[in-house]
Amino acid sequence: MTPTQYDVIVVGLGAMGSATAWHLVKNGQRVLGVDQYVCPHRFGSSHGQTRIIREAYFEHPAYVPLVQRAYQLWSDLEQASGLQLLTQTGGLMIGRPESIVFSGAKASAEEHHLPHQVLSGEEVRQKFPGLTPPWDMKAVWEPRAGVLYPELCIQAHLELAQKAGAQFHFEEAVQQWEPEDGGVRIRTERASYWARQAVICAGAWAREVLDGLNLPLQVERQVQFWFEPKSEHTLFQANRLPVHLWEYEPGRFFYGFPDLGNGVKVAAHHQGVTSDPDQLDRNVKPEEIEQMRQILQRFVPHANGPLRSTAVCMYTNTPDGHFILDRHPHYAEVLIGSPCSGHGFKFASAIGEALADLALGRKPHCNLDLFKIGRLI
Ligand SMILES: Cc1cc2nc3c(=O)[nH]c(=O)nc-3n(C[C@H](O)[C@H](O)[C@H](O)COP(=O)(O)OP(=O)(O)OC[C@H]3O[C@@H](n4cnc5c(N)ncnc54)[C@H](O)[C@@H]3O)c2cc1C
């Protein structure tokens, strides 16, 4: 029998895995992390320079305590790493009064007594002239929303974890795992390792790594665009434009950021094609650029200048859009921290802590009932 080398093996060192490794090692666990690429990288779900963090959560008020915990932990991570990971810009959730983006954000803000203001379309145009919502749209403005820098966040978690004793093996794909001697054996293309527990944070590859479960997950291709403003550049500065998320037609969403030096980033939220993570089409077609331009022309017209760059990313969607943060239903020594359905990054610091708490047998800081796997199998 192999001697116990590790308490926990973390499979996948992207947003969720890097945070989990840090919280485990901080609690004295012997941690091995394995990833098929060198992290952070641009082949999964956590690249593209920026991610929105927002508090008045339109998807479900139950996310509010989790994001509040995440804010605290991002701030702790900034202190521990000495890196600036978050820029507060404020945020606008814009849509018609009955849209989920507007009505859901308002409901979350009211239920949790969050500081916020409800603005008319006209008020948005006056306060933030980069944006041109029609008169029949409204917005929830929230002061604490902002921008996270995902590659830096992952780097900070990994570097701190490594300094504290975690071992990381990059460019080593996990091929198989099985329960063994009350723990888990993980087989990679290079070697095999045993640990008391494993945490699977495989993102878009979760379905593959957890293939015995036949999880109903869909990987969705998403394009991020950066445009040079064609006029009025100053309207897009971070001190003049909050992050903004729109339900511009029923069930159709896009979002945008201020210009942080590389152009104005915008993207559709969902409406992407279902893809295989190993065969993702990373080319952006002229008609995709044209579709984005049509949205800009309507709602952010000054940003519709030359295209600077694009990056293709993946969402891993559950049918109800909520995450899976739970123990494996058949193997208690395996935890799952994945399928974040295109809105997980902001929570990564708190999800890492929650997964570490579950592995340590502690009660997590936040209620995780919404994320149980039982609802999907
Ligand atoms: C375009 C886009 C915009 C987004 N915008 C936002 C936003 O504004 N706000 C927000 O909160 N969220 C946003 N999200 C969602 C958020 O980024 C994701 O939920 C989050 O980054 C997912 O993290 P993860 O750790 O699950 O996946 P990843 O970071 O992709 O990590 C998974 C890791 O597992 C590794 N792996 C997989 N299989 C194996 C294997 N067999 N062996 C070894 N390693 C393996 C992969 O190589 C990868 O490194 C966005 C996502 C995209 C794509």
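Residues numbered from 1 in each chain as written. Predicted model: local features only at pLDDT ≥ 70, side-chain atom pairs only at ≥ 80, totals over all residues. Heavy atoms only, no water.

*Asks:* Mind laying out the sheet that holds strand 6 (residues 117-120), listing which residues take part and the relevant values?
*Replies:* Spatially, 6-7-5-14-15-16-13-17 is the arrangement adopted by the eight strands of the open sheet, whose pairing is mixed. Whereas interior strands pair on both sides, the edge strands pair on one side only; in this sheet they are strand 6 and strand 17 (307-317). When strand polarity is set aside, the average angle formed by the axes of neighbouring strands in this sheet is 20 degrees. (Pairing = 2+ DSSP bridges. Helix = DSSP H or I, 4+ residues; strand = E, 2+ residues; numbered from the N terminus. Axes fitted to C-alpha atoms, helices over the stretch in contact; angles between N-to-C directions.)

*Asks:* Explain the layout of surface pockets to me, using residue names and the numbers behind them.
*Replies:* Considered as a void within the structure, the second largest pocket measures approximately 410 Å³ in volume. Lining the second largest pocket we find 18 residues, and of these Ala268, Gln271, Gly272, Glu288 and Gln291 sit closest to its centre. Counting residues per element, the ones that place at least two in the lining of the second largest pocket are strand 13 (218-227) and helix 7 (286-299). By residue number, the principal contributor to the lining of the second largest pocket is helix 7, which donates five residues. Tallied by class, residues from the lining of the second largest pocket come to seven nonpolar, six polar and five charged. (1 Å grid on protein atoms, 1.4 Å probe; cavity = no way out; pocket = protein on both sides within 12 Å on 5 of 7 lines; lining within 4 Å. Points joined across faces, edges and corners; volume = space filled by probe spheres on them. Nonpolar A, V, L, I, M, F, W, Y, C, P; charged D, E, K, R; others polar.)

*Asks:* Quick rundown of the site of the ligand? Include the residues and the values.
*Replies:* Inspection of the region around the ligand gives 34 residues, with Asp35, His41, Ser46, Cys313 and Lys346 positioned closest. Contact between the ligand and serine 45: an oxygen atom at 2.9 Å from a main-chain N or O atom of the residue. Taking serine 46, its side chain carries an N or O atom lying 2.5 Å from an oxygen atom of the ligand. Isolated, the ligand exposes 1000 Å² of accessible area, and the fraction of that covered by the protein chains is 96%. (Near = heavy atom within 4 Å. Polar contact = N/O pair within 3.5 Å; in protein donor to acceptor, adjacent residues only side chain to side chain. Areas by Shrake-Rupley, 256 points an atom, 1.4 Å probe, with all protein chains shown as cover.)

*Asks:* An account of the packing of aromatic side chains is needed here, citing residue identities and associated values.
*Replies:* Evaluation of the coordinates by the stated rule reveals 19 aromatic pairs. With a centroid separation of 5.0 Å and an interplanar angle of 40 degrees, the aromatic rings of tyrosine 57 and tyrosine 63 are classed as tilted. Grouping residues by exposure puts tyrosine 57 and tyrosine 63 together as buried. Ring geometry for tyrosine 57 versus phenylalanine 347: centroids 5.2 Å apart, planes at 75 degrees, classification edge-to-face. Residue tyrosine 57 is found in the loop between strand 3 (51-53) and helix 2 (63-81), and its partner phenylalanine 347 is found in the loop between strand 19 (334-338) and helix 8 (348-359); the two are separated by 290 residues along the sequence. Exposure remark for tyrosine 57: the relative accessible area of 0% places this residue in the buried category. What links up through ring pairs into an aromatic cluster is the set Tyr57, Tyr63, Phe323, Phe347 and Phe371. Taking the ring centre of tyrosine 71 as reference, the NZ or CZ of arginine 144 above it sits at 4.2 Å. (Phe/Tyr/Trp six-rings, centres within 6.5 Å; stacked < 30°, edge-to-face > 60°. Buried < 20%, exposed > 50% of the residue type's maximum accessible area, 1.4 Å probe, protein only. Lys NZ or Arg CZ within 6 Å of the ring centre and 35° of its normal.)

*Asks:* Any chance you could break down the nonpolar core for me, citing the residues and the numbers?
*Replies:* Of all hydrophobic cores here, the largest spans 72 residues; its most connected members are Val10, Trp74, Phe323, Phe347 and Ile351. Here this core gets nine residues from one element, more than from any other, and that element is helix 2. Dropping the residues within four chain positions of it, phenylalanine 323 is found in contact with Tyr63, Ser338, Pro339, Cys340, His343, Gly344, Phe347, Ile351, Leu370, Phe371 and Arg375. Counting residues in hydrophobic clusters, the runner-up holds 57 residues, among them Leu92, Ile94, Leu210 and Leu235. (Core = buried A, V, L, I, M, F, W, Y, C linked by side-chain atoms within 4.5 Å. Contact = heavy atoms within 4.5 Å.)

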